[in-house]
Amino acid sequence: MTRKVKEAAAAGRIAVVGGGSLGLLLAGRLAAAGADVRLVVRTAAQRDRLRAEGLCVEAVDGTIRACVPAFAAADPPDGPVEWVLLCVKQRHVADAAPVCAAWLGGTGRLVAWLNGLGHEEVLARWVEEARLYAAVTTEGALRMDAVRVHHTGRGETHLGPMKPGGEGPAGGAAALSPLVAVLRRAGFATCAKPDIRPRMWRKLAVNCAINPLTALLGVPNGALVDAAELHPVMRAVVEEVAAVAAAEGVVLGDDPVGAPIADRLLDEVFAVCRRTAANRSSMLQDLERGHPTEIAHLNGAVASRAARRGLAAPVNATLAQLVRAKEALVHGRKG
Ligand SMILES: NC(=O)C1=CN([C@@H]2O[C@H](COP(=O)(O)OP(=O)(O)OC[C@H]3O[C@@H](n4cnc5c(N)ncnc54)[C@H](OP(=O)(O)O)[C@@H]3O)[C@@H](O)[C@H]2O)C=CC1
Ligand SMILES: CC(C)(CO)C(=O)C(=O)O
């Protein structure tokens, strides 16, 4: 058996749930790397196109074509899988959770590749916490159509248990090794962390500072660097996120740099703005396409968690309210 086949086989059976930007990217690259992967999409129409045409990943380093067994969410699983990689938007989680549970059977583990907060509670109603993991990724993907995705930017991915500690030697981050190996083989720079929460909150801070401002102003990410008027707002956003994280017992500073955490978060925000200068944030794209945004799970979640803990997060609360207003004005949707 070649090393490639051995590594791919060690990860076991994988189901990617969600045939959008990230799900198509993961399924296509994993299949091309020899993983035993299937793709579970919402509709029979997308399933049928994937079965007929295969899946195409367009990347700067070339185009990958892959045959991935496709299923609709309503189809019965072809047997339990070791891993479900959940790649849906926060608003889809309630519908997708029972689909994931059906594919997982009694022992499989779920890795949620979502931005923001909120999915952890919903998923915990379907899968026990010791089997719940999260991925935080800076890969970029854009679905072109039902069977075609553009790999818009290479990044890095961190995986870890949503509830760190207490799973014993076979669980927790140790259980991720075979999945990490197959993701690396598929071309994703991946590593496992014993506690993923600091990464989740740092990504949350980045999204809370960039997404609503780019969405409200209609500008690409890079524009925020030059707009000095916005910098105090961005600082206030990350300070509030850091305060809520601390209140939830999440230690954000895992690098011994010494600068206050808000300074480091702000540096991270500007670094992302520069690296993705031409990108239109996912929230801006959602507004432009008439889709609901993830605001309730980003700035909205920071504001509501702050309130629950007796803290104030007025800047995140105001940005959330403004994005809701924009959704309602632009699309006639209630906030
Ligand atoms: N795209 C990116 O580059 C990145 C995205 N993320 C995060 O990853 C998450 C997913 O994002 P993205 O892939 O862009 O989102 P998309 O909107 O492109 O894809 C979500 C997909 O989920 C599908 N879906 C909805 N409900 C179900 C269900 N019950 N069963 C199966 N599939 C379902 C949707 O189907 P349908 O199309 O039929 O409605 C859609 O195709 C988000 O939280 C995002 O913030 C994080 C980093 C990078
Ligand atoms: C990092 C960033 C801001 C890149 O556009 C993103 O994750 C998003 O648009 O949701």
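Residues numbered from 1 in each chain as written. Chains lettered and ligands numbered in written order. Predicted model: local features only at pLDDT ≥ 70, side-chain atom pairs only at ≥ 80, totals over all residues. Heavy atoms only, no water.

Attention now goes to the UniProt feature "domain: Ketopantoate reductase N-terminal" (unreviewed entry) in the protein. Sites flagged by UniProt as "domain: Ketopantoate reductase N-terminal" (unreviewed entry) map to residues 14-163. Within residues 14-163, the helical portion is 27% and the strand portion 37%, while the C-alpha atoms at the span's ends are 22 Å from each other. (UniProt positions renumbered as here; feature names shortened; annotations may be inferred. Helix = DSSP H or I, 4+ residues; strand = E, 2+ residues; numbered from the N terminus.)

In this structure the tally under the stated criterion is 23 salt bridges. In this structure, the salt-bridge partner of Asp145 is Arg148, at a minimum N-O distance of 3.3 Å. Classification of Asp145 as partly exposed rests on a relative accessible area of 22%. Given a relative accessible area of 29%, Arg148 falls into the partly exposed group. (Salt bridge = Lys/Arg side-chain N within 4 Å of Asp/Glu carboxyl O. Buried < 20%, exposed > 50% of the residue type's maximum accessible area, 1.4 Å probe, protein only.)

Turning our eyes to something else, we now look at the layout of surface pockets. Size it by volume and the second largest pocket reaches roughly 390 Å³. Glu120, Glu121, Met162, Arg197 and Arg305 are, among the 16 residues lining the second largest pocket, the residues nearest its centre. Elements with a minimum of two residues in the lining of the second largest pocket: helix 5 (119-124), helix 7 (197-217) and helix 12 (299-308). Looking at the lining of the second largest pocket residue by residue, the classes come out as seven nonpolar, no polar and nine charged. (1 Å grid on protein atoms, 1.4 Å probe; cavity = no way out; pocket = protein on both sides within 12 Å on 5 of 7 lines; lining within 4 Å. Points joined across faces, edges and corners; volume = space filled by probe spheres on them. Nonpolar A, V, L, I, M, F, W, Y, C, P; charged D, E, K, R; others polar.)

Moving on to the sheet that holds strand 12 (residues 189-192). If you walk across this open sheet you meet the eight strands as 5-2-1-6-7-8-11-12, and the pairing is mixed. Each edge of the sheet is formed by a strand with only one pairing partner; in this case those strands are strand 5 (70-72) and strand 12. The sheet shows a mean angle of 25 degrees between the axes of neighbouring strands, taken without regard to direction. In this structure, strand 7 (residues 109-112) lies alongside strand 8 (residues 132-137), joined through three bridges in parallel fashion. In the sheet register, Val111 faces strand 8, and the bridge partner there is Tyr133. Helix-sheet contacts for helix 6 (residues 177-185) involve strand 1 (13-17), strand 6 (83-86), strand 7, strand 11 (156-161) and strand 12, and the interaxial angle to strand 12 is about 170 degrees. (Pairing = 2+ DSSP bridges. Axes fitted to C-alpha atoms, helices over the stretch in contact; angles between N-to-C directions. Contact = heavy atoms within 4.5 Å.)

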